[in-house]
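Structure at a glance
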Amino acid sequence: MNWAKVLAATVVSVLIVLFEWPKINRGRKKEKAALLVFTAIGWGLWLLLIYFPDLPGPTHFVQNLLRPLGRMLSGE
């Protein structure tokens, strides 16, 4: 069943690029590159969540990163 989710993620990502690509002017190479890069990053994150649904979110990462700083500032 994961292959169907991967296929759906791929189709949506391709549709986003196909829909947005013509809206970017011809001389805007950096914008087109940014569209491709950010779509690829989003697609990769989508695949990570499909195959590893129990991954902690970014909030959990930031909490773990800042917890020692909070303890240091509170004097614990």
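Predicted model only: the values in this text are computed from it and were never measured.

About the thresholds
Residues numbered from 1 in each chain as written. Predicted model: local features only at pLDDT ≥ 70, side-chain atom pairs only at ≥ 80, totals over all residues. Heavy atoms only, no water. Helix = DSSP H or I, 4+ residues; strand = E, 2+ residues; numbered from the N terminus. Rg over C-alpha atoms; globule rule 2.2 N^0.38 Å. Buried < 20%, exposed > 50% of the residue type's maximum accessible area, 1.4 Å probe, protein only. Lys, Arg positive; Asp, Glu negative; His and termini not counted. Charge placed at Lys NZ, Arg CZ, Asp CG, Glu CD. UniProt positions renumbered as here; feature names shortened; annotations may be inferred. Salt bridge = Lys/Arg side-chain N within 4 Å of Asp/Glu carboxyl O.

Regarding the overall build of the protein
- Scanning the protein for helices and strands turns up three helices and zero strands.
- Ordered by position in the sequence, the α and β elements of the protein form the string α-α-α.
- Whereas a compact globule of 76 residues would reach a radius of gyration of roughly 11 Å, the protein reaches 19 Å, over 25% beyond that.
- C-alpha extents for the protein along the principal axes are approximately 55 × 40 × 10 Å.
- The 76 residues of the protein split such that 13% are buried.
- In the protein, which carries 9 positive and 4 negative side-chain charges, the distance between the mean positions of the two groups comes to 12 Å.

Things to note about the UniProt feature "transmembrane region" (unreviewed entry) in the protein
- Residues given the UniProt feature "transmembrane region" (unreviewed entry) here are residues 33-52.
- The straight-line gap between the two end C-alpha atoms of residues 33-52 is 28 Å; of that span, 95% is helix and 0% is strand.

Topic: the pattern of salt bridges
- Taken as a whole and assessed by the stated rule, the structure comprises one salt bridge.
- Close ionic contact of Glu 31 with Arg 28 constitutes a salt bridge, the shortest N to O distance being 3.7 Å.
- Taking the relative accessible area as the measure of exposure, Glu 31 reaches 38% and is therefore partly exposed.
- Judged by relative accessible area, which is 43%, Arg 28 ranks as partly exposed.

A short note on the environment of Ile 16
- Along the chain, Ile 16 falls in helix 1 (residues 2-20).
- A sequence separation of 23 residues divides Ile 16 from Thr 39, and the C-alpha atoms of the two residues are 8.0 Å apart.

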